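This is what each chain is made of:
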Amino acid sequence: MADVEKLLFAKTHEWLRIEGNTGYVGISDHAQKEITDVVFVELPKIGKEVAKEGEAAVVESVKAAFSIYAPVSGKVVKANSALEKDPSIVNKSPYDDGWFFAIELKDIKEADTLMSFKDYEEFIKSGAH
Amino acid sequence: MDSGENRKTPLYEAHKGLGAKIVSFHGWLLPIQYTSIIEEHNATRTKAGLFDISHLGKLEVSGKAAKPFLQKIFTNDIDKAVPGRIVYSPFCDDRGGILDDVFIYCAGAGRYILIVNASTFGKDLAWFNSHNGAGASIKDINDSLGGIALQGPASESILQGLCEAGLTALKHRSFVETKVCGHYALLSRTGYTGEDGFEMFVPAGKSIEIWNSVLSAGRPYGLIPAGLGSRDTLRLEAGCPLYGTDTDETKTPLETGLMWAADMGKDFIGKPAIAERSAAGAKERLTAFEMIDRAIPRTGYAVEKGSSVIGTVTSGSYSPTLNKNIGFAYITPGNAAVGNAIDIVVHSERKKAVVVKAPFYRRKK
């Protein structure tokens, strides 16, 4: 189990884990529960430039499609192709095996606007999302 | 119903107790899922699922004028509805546009129970009343009955111990007025999932007691409660069109593929218009397709062939049973042949699909 205290969260329910100059991106446990059974994941191509808050991936449940936004800007350097074969990993392991893609960070300061896990939990409870 | 506020079915508290995720569906608060749409779907295909169908509209039509009234309204031949049998039929406006599709239960000479869609109940009732020159008695019995569907291969084994009537003798699209858990039940061998199963309409005040008893009796067989989410994926795999989604008043039975349920040898409202369209040839047909490329089709997506738009998706989903992405679309008849390659526009990209034969799934007997 990932240490959620080390993750940063966007208001759109993505998380970011920074390792050196690389940022791994996934969706929160709250988001996977709201989306319900994930049956399809469309990942960004390696080398794609993504902008902070720009659409980077698509996740679909039985009922609907949802956009996944990049929490920070950068170039996609890895994509978790295991999700294409078994999208339910997103439900089973949102903070570990369920990561979507990794980006080479353009500007680490962009992460300052993201929330800590504790703030994110408060944000969900407040119902402002 | 017309107040614009959401109504609770007689089973609402049972759903809350089971931790269901509740949504508003055509004015009713109903469970979309309890734990997982896919789990509920798979349980119904392999074991059994228990559904709240209390939202379906229920009407009783009776009297000497009942049959002539129904014959004039409905496209199908009501003479097929002998006591104990159920007839499926659309009914149409003067232009042949489908106003709803209905299950008509004949409960004896001059007594019929009609099960209509929740979304159209008020409109249907108004239409029946305004076309009742024959003078049939039309009674709204919606509030007196709750509805429960038990669907899946284990259904008969689960229900037999709770039911007075012998179930083996109850054939598909037949019904009996019997007792379930000691209470009145209008019990039919019908469903909307493509599996064997039963639908029962029971006294509203006894609905939770019966729901709980069926659930307890079924647990050893793998029965779980199932919500609207799985009801939708199950019906799509089984090739059942959904009124309001796959057909509406802009389509006639010709476009929707329901001419098998229209008796062109009798008179009914909309028949001349349907005959005219039929002679001219349909401009579009409800067509089943499956995706070849990785993408999920959704309602409203465009269907293309070459450089032309040839239609629109009405229903689409991931199919848990087939592990494919499937859908229904209205497309031009020239493109509706099985095996025809088509494209579905998904998130602005053309994705390959192919026309297939409905149903997508057929149970092994």
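Above this text you will find the structure in question.
To keep things clear, this report deals only with the structure shown in the data block. (Residues numbered from 1 in each chain as written. Chains lettered and ligands numbered in written order. Predicted model: local features only at pLDDT ≥ 70, side-chain atom pairs only at ≥ 80, totals over all residues.)

### Things to note about the packing of helix 2 (residues 37-46) of chain B against helix 7 (residues 228-237) of chain B
Residues and elements named next belong to chain B.
And then number 1: As a packed pair, helix 2 and helix 7 sit with axes 8 Å apart at the nearest point and diverge in direction by 55°. Between helix 2 and helix 7, the interaxial angle falls into the category oblique. Seen from above, helix 2 lies across helix 7 with right-handed handedness. Only Gly229, Ser230, Thr233 and Leu234 of helix 7 make contact with helix 2, whose side of the interface consists of Ile37, Glu40, His41 and Thr44. (Axes fitted to C-alpha atoms, helices over the stretch in contact; angles between N-to-C directions. Helix = DSSP H or I, 4+ residues; strand = E, 2+ residues; numbered from the N terminus. Parallel < 35°, antiparallel > 145°, perpendicular 65-115°, else oblique. Left-handed = near helix turned anticlockwise from the far one by under 90°. Contact = placed C-beta atoms within 7 Å.)

### A short note on the sheet that holds strand 3 (residues 28-33) of chain B
All names here are of chain B.
And then number 1: In spatial order, the strands read 1-3-2; together these three strands make up an open sheet with mixed pairing. Two strands in the sheet have a free side with no partner beyond their single neighbour: strand 1 (7-8) and strand 2 (21-25).
And then number 2: Strand direction decides the pairing type here: strand 1 and strand 3, joined by two bridges, are parallel. Paired with Arg7 across the bridge in strand 3 is Trp28.
And then number 3: Packing against the sheet, helix 7 makes contact with strand 2 and strand 3, and its axis sits at approximately 70° to strand 3. (Pairing = 2+ DSSP bridges.)

### A word on helix 4 (residues 117-126) of chain A
And then number 1: Counting buried residues along helix 4 of chain A, only one of its ten residues qualify, which leaves the element largely exposed.
And then number 2: A positive phi of about 75° marks A:Gly127, the residue just after helix 4 of chain A. (Buried ≥ 20, exposed ≤ 12 C-beta atoms within 10 Å, placed from the backbone.)

### Observations concerning unusual backbone geometry
And then number 1: Note the cis peptide between B:Ala358 and B:Pro359, where omega equals 0°.
And then number 2: Structurally, B:Pro359 is set in the segment after strand 20 (349-356).
And then number 3: Of note in the backbone geometry, A:Thr36 takes a positive phi value of approximately 70° without being a glycine.
And then number 4: Its location among the elements puts A:Thr36 in the loop between helix 1 (29-35) and strand 4 (38-42).
And then number 5: Of note in this structure, B:Arg173 is not a glycine but carries a positive phi near 60°.
And then number 6: Position of B:Arg173 among the secondary structure elements: in the loop between helix 5 (155-160) and strand 11 (175-180).

### A closer look at the sheet that holds strand 4 of chain A
All names here are of chain A.
And then number 1: Strand order across the open sheet formed by three strands is 4-6-7, with antiparallel pairing between neighbours. For this open sheet the edge positions go to strand 4 and strand 7 (65-69), each flanked by a neighbour on one side alone. Within the sheet, the average angular offset between the axes of one strand and its neighbour, ignoring direction, is 25°.
And then number 2: Two elements, strand 6 (residues 55-61) and strand 7, share five bridges in a ladder whose sense is antiparallel. Each bridged residue has a counterpart across the sheet, and for Glu55 the counterpart in strand 7 is Tyr69.

Geometric descriptors of this kind do not, in isolation, establish any biological role.
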